[in-house]
Amino acid sequence: MANGTFYVTTPIYYVNDKPHIGHAYTTILADVLARYHRLFGEETFFLTGVDEHGQKVEEAARKRGVTPQQHCDELSEKFRALWPTLDVTNDDFIRTTEPRHERVVAQALQRLWDAGEIYRGEYEGFYSPRVEKFFSEEELVDGKCPETGGEVFKLKEANYFFRMGKYRERLVEHLRANPGFIVPESRRNEVLGFLGRPLQDLCISRPKSRLAWGIPLPFDADYVTYVWFDALINYVSAIGLHADEARFGRLWPHCNHLIGKDILTTHCVYWTTMLMALGIPLPRRIVAHGWWLVDQTKMSKSLGNVIDPLALRDKYGVDSLRYFLMREMVVGLDADFSEEAFLRRHNYDLANDVGNLANRVVKFVQRSLGGKVPAPGVADAARDAEVRAQAEALPGRVRELVGGIRIEAAIEQTMALVRRVNRYVAETEPFKRVKDDPANAAASCYNALEALRFALHLLWPVMPSKCEQILAGIGAGAPVSTLADLRWGALVPGTPLTLDAPPFPRHEVPALGGPSPAGPTHSPGAAGGGGNAAGRGTAGEGPSPSGAARIPYDAFAKIDLRVATVLTAESVPGAKKLVKLSVDAGESAPRRLVAGIAEAYKPEDLVGRQLIVVANLEPRKVFGIESNGMILAAHDDAGLAIVAPIRSVQPGGKVS
Ligand code: MSP
């Protein structure tokens, strides 16, 4: 495979925060991407770190009676030590109090000051200490911080400003010319919308009298730099800007920033214009993911619903945690966290599909075929070829999906191979055939183990520990270092199979919400999770010619039917009839639906199709997943058929 370079960053986390599932998610996503790219044979660099300056840190240190530096030394160590326990393999960990960083920030400030890109002016605004940002009066919501709802304080003071406003048009041009620069598209549109209005200059300083814990402005010792100007520069200071230009030049053009949607403007507008002013090319891509929610609500300390990744790791293991986070969230959309959904994924995908396949084949070989990798051969020529072809096509497919940050889809493709191999074992029946034709049973097991070896390599970036353990247990040894070395037939006959227990023991699912695994009950003609579609059987004079009760026109007019395009579709573990969809219904964000159409349509065949959605149904939980509406489908003896417009219609188009 062609080599390349991949540089990935996470936000640097506020050192004062206790790491929660959101921090763990971004960092694990970066790790999974880095591991995939290493496997693709690319030069890879993965950076994370902590953001140590600012008022909150200063105050917390004062309260504890220690210096801010001592406080940061202790807290940053907690973050640094945390990541390896989640199998995170960052190449560097930057702290904003390190000289290598402070030096570059001071150099950048001086350069912009010398070039007239920074000027002194008067600032008046409302300051929110939580996000360390100023807001204008119009931006406040009920007199509170528009981002946190917290207190703001009115301030007027002399400060330094970066001429950000003048870069607006250049930035718009860059976004237009590079559609993949901000991922997903909805976030790119949000930034373009923001840039549709005049862009203010950016206040980049604080007087030392108010905040001492920061990097001093090199041209005015009475001021320190504002937290974002300091923090964003970590992405270039860590890889050698002004220190090791060769290394910087090699890595920087390939930089992928992973961020949560909360810090979109700071990265897509502040950072990009800072780079323009500094004469540094823009990074390759900014990927903004959604929120992990709990019961559709943002996690917060005050609600007491913050999910602790370490508790989950301790209870269920690091691999299941990583698998769930990567499989469940479509990058760009919000995802709901529940322990029930977590355990379902674990049980269906890991215990049933992966674990059971490995355990079943190994046990059988240990019992009936000498306990060693059996000899290859032909079990069932057509099926053997089909499984092998699917395995050999997988690395290329996964590479393409990972390139587009479609981790959940890459996992789904890999799990499709695992499920195919499970079926292959059932179809070729080595358990039955071993008596009369042991060579045939051996060939079947060889093929199953070989295909499983492929799948495990492609799950390895997501679940490194377990995949290594299973690979060793099926006689495959350590994983190959790049996918170019993953070749069919490399499993060596005669190698002992040592896997001695199911690799993913099942867990009890405590509370079962939603309907039975057969899927939701739905009214005729509608396939979705919204329940009762059209005020059935209420008004009217006698039945209609179809036999159904008549309804007044007003009742029909209340139903908001819209055209939607399917963005993503995936099966729901344990619910054979259900498909989880995200659709574009012309709204500001994708809409999540759960529909009972899996028996008629494969998830992968739905992506890109248009549907009719009942858009104003009350949300309803289906199998523990919230469904926001229902899709229309027709039914006859042949089964179910989705109702769709006969030409492509703009998403959100009204159906009446
Ligand atoms: N220090 C700044 C970032 C500076 S980057 C130059 C900061 N730090 S933070 O500690 O608040 O971390 C923010 C990041 O944590 C988010 O952008 C996101 O990556 C992650 N998450 C925090 N809460 C989250 C969820 N509930 N869900 C998913 N990720 C979220 O902002």
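Residues numbered from 1 in each chain as written. Predicted model: local features only at pLDDT ≥ 70, side-chain atom pairs only at ≥ 80, totals over all residues. Heavy atoms only, no water.

With that out of the way, let us pick up the nonpolar core. With 111 residues, the main nonpolar core has Leu86, Trp292, Leu325, Met326, Val354 and Ile407 as its most contacted residues. Examining the composition of this core, we find that 14 residues originate from one element, helix α17 (residues 438-459), more than from any other. (Core = buried A, V, L, I, M, F, W, Y, C linked by side-chain atoms within 4.5 Å. Buried < 20%, exposed > 50% of the residue type's maximum accessible area, 1.4 Å probe, protein only. Helix = DSSP H or I, 4+ residues; strand = E, 2+ residues; numbered from the N terminus.)

Sheet architecture is open: three strands sit in the order β16-β15-β17, paired in mixed fashion. The open sheet is flanked by β16 (297-298) and β17 (335-336), the only strands paired with a single partner. (Pairing = 2+ DSSP bridges.)

Turning our attention to the layout of surface pockets. Of the pockets and cavities examined, the second largest pocket occupies roughly 1100 Å³. Elements represented by at least two residues in the lining of the second largest pocket include exactly α13 (339-368), α14 (381-403), α15 (407-428), β19 (561-572), β20 (575-584) and α20 (603-606). Of the residues forming the lining of the second largest pocket, the biggest block, nine residues, is contributed by α15. Partitioned by chemical class, the residues of the lining of the second largest pocket number 13 nonpolar, seven polar and 15 charged. (1 Å grid on protein atoms, 1.4 Å probe; cavity = no way out; pocket = protein on both sides within 12 Å on 5 of 7 lines; lining within 4 Å. Points joined across faces, edges and corners; volume = space filled by probe spheres on them. Nonpolar A, V, L, I, M, F, W, Y, C, P; charged D, E, K, R; others polar.)

For the rest of this paragraph, the subject is the packing of aromatic side chains. Under the defined criterion, the tally for this structure stands at 24 aromatic pairs. Between Phe324 and Phe337, the ring centres sit 5.5 Å apart and the planes meet at 85 degrees, which makes this aromatic pair edge-to-face. Taken together, the positions of Phe324 in helix α12 (residues 318-328) and Phe337 in the loop between β17 and α13 put the pair 13 residues apart, joining distant regions of the chain. For Phe337, a relative accessible area of 5% corresponds to the buried category. An aromatic cluster of at least three residues, connected via ring pairs, comprises Tyr25, Trp292, Tyr316, Phe324, Phe337 and Phe342. A cation over a ring is seen here: Arg210 above Tyr127, with NZ or CZ 5.1 Å from the ring centre. Here Lys466 stacks its cationic end above the ring of Phe504, 5.6 Å away from the centre of that ring. (Phe/Tyr/Trp six-rings, centres within 6.5 Å; stacked < 30°, edge-to-face > 60°. Lys NZ or Arg CZ within 6 Å of the ring centre and 35° of its normal.)

So, about the site of the ligand. Not every one of the 24 residues close to the ligand is listed here, only the nearest: Ile12, Thr26, Asp51, Trp291 and Trp292. In the environment of the ligand, an oxygen atom lies 3.0 Å from a nitrogen or oxygen atom belonging to the backbone of Gly260. Interatomic distance of 3.0 Å between a side-chain N/O atom of Asp262 and an oxygen atom of the ligand. When the ligand is considered free in solution it has 670 Å² of accessible area, and contact with the protein chains removes 96% of it. For the shell around the ligand, the secondary structure elements donating two or more residues are β2 (13-14), α1 (21-39), α7 (227-232) and α8 (234-237). Class assignment of the residues belonging to the shell around the ligand gives a composition of 12 nonpolar, nine polar and three charged. (Near = heavy atom within 4 Å. Polar contact = N/O pair within 3.5 Å; in protein donor to acceptor, adjacent residues only side chain to side chain. Areas by Shrake-Rupley, 256 points an atom, 1.4 Å probe, with all protein chains shown as cover.)

We now examine the state of the cysteines. Under the definition given, this model contains zero disulfides. Free cysteine Cys255: the closest other cysteine sulfur is in Cys268, separated by 12 Å. (Disulfide = S-S within 2.5 Å.)

Packing of helix α6 (residues 185-195) against helix α10 (residues 264-278) leaves a shortest axis separation of 11 Å and a crossing angle of 60 degrees. By the angle between their axes, α6 is oblique relative to α10. Here the hand of the crossing between α6 and α10 comes out right-handed. Contacts from Arg187, Glu190, Val191, Phe194 and Leu195 in α6 reach Leu264, Thr265, Cys268 and Val269 in α10. (Axes fitted to C-alpha atoms, helices over the stretch in contact; angles between N-to-C directions. Parallel < 35°, antiparallel > 145°, perpendicular 65-115°, else oblique. Left-handed = near helix turned anticlockwise from the far one by under 90°. Contact = heavy atoms within 4.5 Å.)

Relative to the helices and strands, Asp353 is located in helix α13. A sequence separation of 122 residues divides Asp353 from Gly475, and the C-alpha atoms of the two residues are 19 Å apart.

As a further point, take the pattern of salt bridges. Overall, the coordinates contain 42 salt bridges when judged by the stated rule. Of the charged contacts, one joins Arg80 and Glu77 as a salt bridge, the two residues approaching to 3.3 Å between their closest N and O atoms. Within this pair, Arg80 and its partner Glu77 are both found in helix α3 (residues 68-85), separated by three residues, close to a single helical turn. A salt bridge links Glu587 to Arg591; its shortest N-O distance comes to 2.7 Å. Connected through shared salt-bridge partners, Arg327, Glu328, Arg345, Asp349, Glu412, Arg419, Glu570 and Lys580 make up one network. (Salt bridge = Lys/Arg side-chain N within 4 Å of Asp/Glu carboxyl O.)

What follows concerns unusual backbone geometry. Looking along the chain, the bond that leaves Val183 and enters Pro184 is cis, with omega of 0 degrees. Its identity as a non-glycine residue notwithstanding, Phe623 has a phi of 55 degrees, on the positive side. Summarising the element assignment, Phe623 is placed in the loop between β23 (620-622) and β24 (625-627).

Moving on, we get to helix α4 (residues 99-114). Its 16 residues give α4 an end-to-end C-alpha distance of 22 Å, which sits within 8% of 22 Å, the value for a rise of 1.5 Å per residue. If you check which residues of α4 are buried, you get His101, Val104, Val105, Ala108, Leu109 and Leu112. Here the buried residues of α4 occupy an arc of 135 degrees about the axis, which is enough to place them on one side. Within α4, the exposed residues directed more than 90 degrees away from the buried face are Pro99 and Asp114. One or two residues past the end of α4 sits Gly116, with phi positive at roughly 75 degrees. (Expected span 1.5 Å × (residues − 1). Arc of directions from axis to C-beta.)

Looking now at the packing of helix α2 (residues 55-64) against α3. At a closest axis distance of 8 Å, the pairing of α2 and α3 adopts a crossing angle of 100 degrees. Taken together, the axes of α2 and α3 are roughly perpendicular relative to one another. On the side of α2, the interface is formed by Val57, Ala60, Ala61 and Arg64, while α3 contributes Pro68, His71, Cys72 and Glu74. Among the residues forming the contact of α2 with α3, the class breakdown is five nonpolar, one polar and two charged.

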